[in-house]
Amino acid sequence: MKNINSNIRIYKLHPSKTNNSGKYYSFVKILEKNSEKKKKEKRMGKKMLSLEEQCKIVNLLKSSSEQKSIEETVTEFFSDSNLRHFNVCYSLSFLLQDKMMLSSTERLVAFAILHRCYSSQKSAANPFISFLLNAACDDGAENYERAFILHLLGSGNSNDSKEFLKQSASDYIKNFDPSSQTFPQGEQLQQQYFEKVDPEPYTCLLKNTVVKNVLADPDVPRGCDANSAEHVSWLDLQPVAKSKLGSGDRDEALTGLMENLSLEGLIPHWIRPVPPRFPVDNELVWLNPDNNHELQWDQGMCADTSRGAAVRDLIAKALKGALEPNQQEQVLGELVKDPKLVYHCGLTPRKLPELVENNPLIAVDVLTKLINSPEIAEYFTVLVNMDMSLHSMEVVNRLTTAVELPKEFVRMYITNCISSCENIKDKYMQNRLVRLVCVFLQSLIRNKIIDVKDLFIEVQAFCIEFSRIREAAGLFRLLKTLE
Amino acid sequence: MDSRDSSSSSAPNRDGTAGDDDGVLSVTSALAKDAALHFQSGKFVECVDILNQLKPKKEDDPKVPHNIAIAEFFRDGCSDPKKLLEVLNNVKTTALHICLLMLDVALACHDASKSADVLNYLEKAFGIGNVSQGDNGNMVAQQSMNLVGKFSSVPSSTSVSDASTSDLVASVNAFENPLSRTLSEEPLDEMFSALDIGGQNLSRPAGLASSNDLPRTTVDRSISGVDLKLKLQLYKVRFLLLTRNLKLAKREVKHAMNIARGRDSSMALLLKAQLEYARGNHRKAIKLLMASSNRTDAAISSMFNNNLGCIYYQLGKYHTSAVFFSKALSNFSSLQKERPLKLLTFSQDKSLFIIYNCGLQYLACGKPILAARCFQKASLIFYKRPILWLRFAECCLMAVRKGLVKGSQASSERSEIRVSVIGKGRWRKLLIEDGISRNGLVGSVEKDDWVLGGGDGQPKLSLPLARQCLYNALHLLNSCEWSNSKSVLLSNSSFEENKLSDGASSNNSNNKNLPSIDAKSSTLSGGLVNLNGDLKEPKGGANQEIIQNSISYYEDICRRENQMIKQALLANLAYVELELENPLKALSAARSLLELPGCSRIYIFLGHVYVAEALCLLNKPNEAADHLSIYLSGGNNVELPFGQQDCEQWRVEKLVDCEEPNGGAAAAKNPSPEALQDFVFLNPEEARGTLYANLATVFAIQGELERAHHFVMQALSLVPNSSEATMTAIYVDLVLGKSQEALSKLKHSNHVRFLPSSLQLN
């Protein structure tokens, strides 16, 4: 019952194999021819035979039994160019496997067709050769059938040896003499007809292990044997058996099979899991409103910032002489209006002394506004080093109350004041300056801008040196009270 | 004019080099004035002409290339924003507003390191953007003063007193020697750089001024210190959300809310909603979203609807999300009717993003053709992302499986076993035909299946197209890996080491929750990520350090995401090649899949199954058996190829919340029924059944029929609905000669359809 189809050598054409050998040419051609009919086939699904082919074959087989010789039937078959011979042969081989489907005479005709189909080539090139050989060696088969196949295989191409085909199939069976035939072993036949075959062409194992996809499912009442003796006598009783319960119609089954045959048999199946859809994680796009960007022309290109221009003019004037009160107010007002203006009002540290001397109030205002600038230190350095004057001292004094000055700066400024007083030659000017410095220092001390301790010795020495001046004595007394 | 002349001559700088410029200055300023007039009257061609004359005379002035860039941009009808950005990028000194623009661009491009550069620059140049240090404005002001004080002051306008520094302008490198100005008492107001100085200097061309823009936040000079602080804080949150540093983002968004108190807090609320969405707190996200915005503006309500769509998608409510996405789209189309695309509003068009979201939603709802149309539209902006092509391939596979493609069969049809009942009575035969043998996919490939758009511009979904898309994605992924590998050599070396040492833990790398990172990633980011995946908080509040950590954390996330995508791509590719009957190509794809470091257990399972099938098709059943038998224990027993936890990733509801490790997680673990549909992959037991069935097939091919019988019976007990397993079982029965058993299996399988044979012949 191990009824595997693999004994039918169906060449699965693989791209790399097609040009291998001309031997398969005719077979390839058949397939090509088939592909021409592909469209038609598509409409019918993947069925082996068209309706037309089914009718022809069934009629051909039926008509073959008594009247016509086997040769006649076979010739008739091959003269019909509308038949796709491979498909038909494959269907026949399929039907032959089921010993009940075809009558004994029909079987002989079918075998003859299978053999003739590729008789123009070496027997080994016949795709059905192993099927034929197996049938010839099948101990369960009728002897006349086995002998018939051996005849076919031995006949080759010569016309003389085809004599036995000139009789009808039923005559062949009637005239068969079992004693006249010996049955060689399978291996022997294999060697004879099969050996010279090229190595097996590529076939897929998975598909090569095909099992026949037709199962008998006899629907007969319990107790009836589906394979009862009825079968043997079927040839003789032909039309009668029809009405019998559970018997069914052989023709119907035959045409049904023909109609549904397909190349594929059953194969073990592989489960090919579909890969899961990739998880959606951060893939969805979350939207946030855009920030609003506008492209803007930069008016500052190559141009003075005009707003500062007036102020810059006034500052330039302020370096040269005292401004009118209204001009001074304008500068101070503009500086308040635009806090950034101070950075481009045209003042540099180098120009500071001029501003201090000519317009100390503006200098105070500018320096106050620049106090957080990194350049303020530079301004301070300039301020410390400039010549002592009423105006510079006034500026520093006002600054001390307006902003917090670095201690180091204040100290250095005081030291400078003192040494300026000491170095001055003109007595009148010296007196004047000393008085100024004293007032300045008193103011610093009273306002707690400086810690007296830091400068005590220096200031004390100054007071003693200039004790002749009243303000110096006053400062000295102030120092003593703080001691 | 007079005053300018007098000022330039009467303000000699201390180097005494002034005055030389006087002649040039007057010519240039005249040209500049002309250019400005042309610009204002919308004559951009003339404007550019004059600017080009000006350029050689003022080579050091960044304002000239700036103005050229915008004049050319307007002249060309705003057609090339990319070029504009490139030019602005090259303007050496960078104004605050351009910084913000660049930040927006970088964030939109998901370019974390560029965003970080700009953030760092802002901090350095303007002394702002510190991570929440004190809520009081003075303190920040104080700090920023100190910070800026360290940097050199760069002259900005032509009138800056100290001309010696004007040489500096040329040498100023945007990032190393940042532009900053001396500070007054209002340091935050001082941040207008060279380009902005001078009050009303900035002006838009008359025709371009748009009054109907989105509610304007602030215009230029009117940015107050606090507003700017809020703005930058929000940028920081967006950066942290981009890099998925959720813990820090949470802290920073809180800080932003504090700053925004008493002001417009809608953006802060929106970001907070996004944060909660990212953390999986979907209900909270909805609440915040509701509170965040007035939805009278079409653009805002469109985004609002889109974001709600995202949330409902993540909740597994695809149909609700579909409603919101389509609302969002119609909001936008109404917007477009009122206001045609113009100038900078091109960036306001978010419809392609929404369309991409729609695509994902259609895919989740099992509508591959609609999904593919969406992805095709969105490909305008997403074409460089591997994931887009993966989604396309998924559309193809889904369409093929649903039988929506010419020549393909629905999977339901394929799994059907048809039995033709032929003849009657004792002649009755059953002819078995299964869907898998029936399918004729390969034959149906036609030439135009190979291109994305067919004649009608619609993608023609097919297996060959899927293959093409998968190759696209792999190519993109590999090229981006290659460029990454150049920049992160160090991390890669530690990655390699790790690969050798912990093969076992790599199996867990597909764990869903991003914060729970496997050992590998923690070494990648140089130990900055602790076991919970949170960035260690630097004590000193060093802003740059936080940004750097976020970047390496983000790069690490991206790397792992790309790895995941690669696994999916190779698995899909192997599958597609098998479907197209190319076992050799399938074999190589599946083998590459198995060679990926840190491959998830599900993909390892798929890899082995695909390799084994390809080997079988190549007549190497022994090797195929080897691949499957790694799951064998004790000879005849198959282990679970992966666990339930490996499937978590595919669940819709994510496990949350970081705050309540004991509480909230359990509730989130029960996805809604709709959500469960989404998980279409095999569960672990089914996967085990698959292995049993396939082992049975291998044994059957090898002729070990008894063993095949044992395995296929096991398979049927685990996957009773598998038509493949049923067919294998029937096959084994038939080969063993047990036709009665085969018959009874046929009759009991619910995949079998019995067809009466039609009697056409008479």
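What counts and how
- Residues numbered from 1 in each chain as written.
- Chains lettered and ligands numbered in written order.
- Predicted model: local features only at pLDDT ≥ 70, side-chain atom pairs only at ≥ 80, totals over all residues.
- Heavy atoms only, no water.
- UniProt positions renumbered as here; feature names shortened; annotations may be inferred.
- Helix = DSSP H or I, 4+ residues; strand = E, 2+ residues; numbered from the N terminus.
- Contact = heavy atoms within 4.5 Å.
- Areas by Shrake-Rupley, 256 points an atom, 1.4 Å probe, with all protein chains shown as cover.
- Buried < 20%, exposed > 50% of the residue type's maximum accessible area, 1.4 Å probe, protein only.
- Phe/Tyr/Trp six-rings, centres within 6.5 Å; stacked < 30°, edge-to-face > 60°.
- Salt bridge = Lys/Arg side-chain N within 4 Å of Asp/Glu carboxyl O.
- Axes fitted to C-alpha atoms, helices over the stretch in contact; angles between N-to-C directions.
- Parallel < 35°, antiparallel > 145°, perpendicular 65-115°, else oblique.
- Left-handed = near helix turned anticlockwise from the far one by under 90°.
- Nonpolar A, V, L, I, M, F, W, Y, C, P; charged D, E, K, R; others polar.
- pLDDT = per-residue confidence, 0-100.
- Disulfide = S-S within 2.5 Å.
- Polar contact = N/O pair within 3.5 Å; in protein donor to acceptor, adjacent residues only side chain to side chain.
- Expected span 1.5 Å × (residues − 1).
- Arc of directions from axis to C-beta.
- Core = buried A, V, L, I, M, F, W, Y, C linked by side-chain atoms within 4.5 Å.
- Domains from an automatic or database assignment.
- Pairing = 2+ DSSP bridges.

You'll find chain B entered in an unreviewed UniProt entry as CCR4-NOT transcription complex subunit 10-like isoform X2, with Durio zibethinus given as the organism. Taken directly from UniProt, the Sequence similarities (unreviewed entry) text for chain B runs: "Belongs to the CNOT10 family."

Looking at an unreviewed UniProt entry, one finds chain A named CCR4-NOT transcription complex subunit 11, with Durio zibethinus as its source organism. Under the UniProt heading Sequence similarities (unreviewed entry), the note attached to chain A is "Belongs to the CNOT11 family."

As a further point, take the overall build of chain B. Helix and strand counts for chain B stand at 35 helices and six strands. In chain B, 65% of the contacts between residues at least 6 apart in sequence involve partners at least 24 apart. Summed over all atoms, the accessible surface of chain B reaches about 31400 Å², with 53% contributed by carbon and sulfur.

Counting secondary structure elements, chain A contains 23 helices and two strands. Taken across its 483 residues, chain A has 53% of its residues classed as buried. For chain A, the proportion of contacts with a sequence separation of at least 24, taken over those separated by at least 6, is 74%. Accessible surface, chain A: about 22800 Å² in total, of which carbon and sulfur atoms supply 52%.

By convention here, two paired aromatic rings are described through the distance between centres and the angle between planes. Applying the stated criterion to the full structure yields 21 aromatic pairs over all chains. A ring pair is formed by Phe77 of chain A and Phe78 of chain A, whose centres lie 4.8 Å apart and whose planes are at 85°; its orientation type is edge-to-face. What makes Phe78 of chain A partly exposed here is its relative accessible area of 24%. An angle of 70° between the planes, with centres 5.6 Å apart, marks the rings of Phe605 of chain B and Phe642 of chain B as edge-to-face. With Phe605 of chain B in helix 27 (residues 601-617) and Phe642 of chain B in the loop between strand 5 (637-638) and helix 29 (644-647), this pair connects stretches of sequence that are 37 residues apart.

A full pass over the atoms with the stated rule returns 23 salt bridges over all chains. When the shortest N-O distance is used, the salt bridge between Glu71 of chain A and Arg116 of chain A registers 3.0 Å. Here Arg116 of chain A lies in helix 6 (residues 104-117) and Glu71 of chain A lies in helix 4 (residues 70-79), a separation of 45 residues in the sequence. With relative accessibility at 19%, the residue Glu71 of chain A sits in the buried group. Ionic contacts of the salt-bridge type, sharing partners, join the residues Arg272 of chain A together with Glu579 and Glu613 of chain B into one network.

Structurally, Tyr277 of chain B is set in helix 12 (residues 266-278). Each C-alpha atom of the pair Tyr277 of chain B and Leu289 of chain B lies 9.9 Å from the other, and the pair is twelve residues apart in sequence. Not counting residues up to four positions away in its chain, the partners in contact with Tyr277 of chain B are Leu284 and Trp286 of chain A together with His282, Ala285, Cys310, Ile311 and Gln314 of chain B.

This part covers the packing of helix 20 (residues 407-423) of chain A against helix 21 (residues 427-446) of chain A. Residue and element names in this part refer to chain A. At their nearest, the axes of helix 20 and helix 21 sit 9 Å apart, and the two run at 155° to each other. By the criterion of interaxial angle, the relationship of helix 20 to helix 21 is roughly antiparallel. Note on packing geometry: the crossing formed by helix 20 with helix 21 is left-handed. Where helix 20 abuts helix 21, its residues Val410, Tyr413, Ile414, Cys417, Ser420, Cys421 and Glu422 lie against Gln430, Leu433, Val434, Val437, Phe440, Leu441 and Leu444. In the contact of helix 20 with helix 21, the residues fall into eleven nonpolar, two polar and one charged.

The subject of this paragraph is the confidence of the model for chain B. Residues and elements named next belong to chain B. The predicted model of chain B averages 70 in pLDDT, with 63% of residues at 70 or higher. Per-residue pLDDT, averaged within each element of chain B, yields its smallest value for helix 9 (residues 166-171) (30) and its largest for helix 26 (residues 583-595) (95). For the stretch residues 1-23, pLDDT sits under 50, and the model shows 26 contacts to residues farther than four places along the chain or on other chains. Here residues 129-222 scores under 50 on pLDDT; set against residues more than four positions off or in separate chains, the count is 224 contacts. Here the complex is predicted with pTM 0.64, and the ipTM for its interfaces comes to 0.71.

All right, on to the state of the cysteines then. Enumeration according to the criterion identifies zero disulfides over all chains in this entry. Free of any disulfide, Cys417 of chain A has its nearest neighbouring cysteine sulfur in Cys421 of chain A, separated by 6.8 Å. Assessed through its relative accessible area of 1%, Cys417 of chain A is described here as buried. For the unlinked cysteine Cys396 of chain B, the closest cysteine sulfur is that of Cys469 of chain B, found at 5.3 Å.

Residues and elements named next belong to chain A. When you line up the elements, Ser389 lands in the loop between helix 18 (376-385) and helix 19 (390-402). Exposure remark for Ser389: the relative accessible area of 13% places this residue in the buried category. Reaching out from Ser389, the side chain makes a polar contact with the side chain of Glu357 at a distance of 2.6 Å. In this structure the side chain of Ser389 is engaged in a polar contact, spanning 3.0 Å, whose partner is the backbone nitrogen of Ser392.

For the rest of this paragraph, the subject is the side chain of Arg688 of chain B. Here Arg688 of chain B shows up in helix 32 (residues 684-702). Ignoring anything within four residues of it in the chain, the contact list for Arg688 of chain B reads Asn637, Val638, Glu639, Leu640, Pro641 and Leu718 of chain B.

All names here are of chain A. Across its 13 residues, helix 19 extends 18 Å between first and last C-alpha, which sits within 8% of the 18 Å expected from 1.5 Å per residue. When helix 19 is considered as a whole, its buried residues turn out to be Ser392, Met393, Val395, Val396, Leu399 and Thr400. When helix 19 is viewed along its axis, its buried side chains cluster within an angular range of 155° and face the same direction.

Our focus in this paragraph is the packing of helix 20 of chain A against helix 22 (residues 452-465) of chain A. Residues and elements named next belong to chain A. Their axes nearest at 11 Å, the elements helix 20 and helix 22 cross at an angle of 20°. As the angle between them shows, helix 20 and helix 22 are arranged roughly parallel. Viewed along their axes, helix 20 and helix 22 form a crossing whose handedness is left-handed. Residue-level contacts link Arg411, Ile414, Thr415, Ile418, Cys421 and Glu422 of helix 20 to Asp454, Leu455, Glu458, Phe462 and Glu465 of helix 22. In the contact of helix 20 with helix 22, the residues fall into five nonpolar, one polar and five charged.

Counting 210 residues, the largest nonpolar core has Trp297 of chain A together with Phe605 of chain B as the members making the most contacts within it. The leading source of residues in this core is helix 25 (residues 543-579) of chain B, at 15 residues. The residues that make up this core include at least three from each of domain 1 (383-408 + 459-485 + 544-649) and domain 2 (682-761) of chain B. Val364, Val437, Leu444 and Ile469 of chain A belong to the second-largest nonpolar core, a separate cluster that totals 64 residues.

Take the pairing of strand 2 (residues 417-422) of chain B next. All names here are of chain B. In terms of burial, strand 2 is a largely internal element, five of the six residues being buried. Where strand 2 meets strand 6 (residues 752-756), five bridges bridge the pair, whose relative direction is parallel. Residue Ile417 lies in a different strand from strand 6, and its bridge partner there is Val752.

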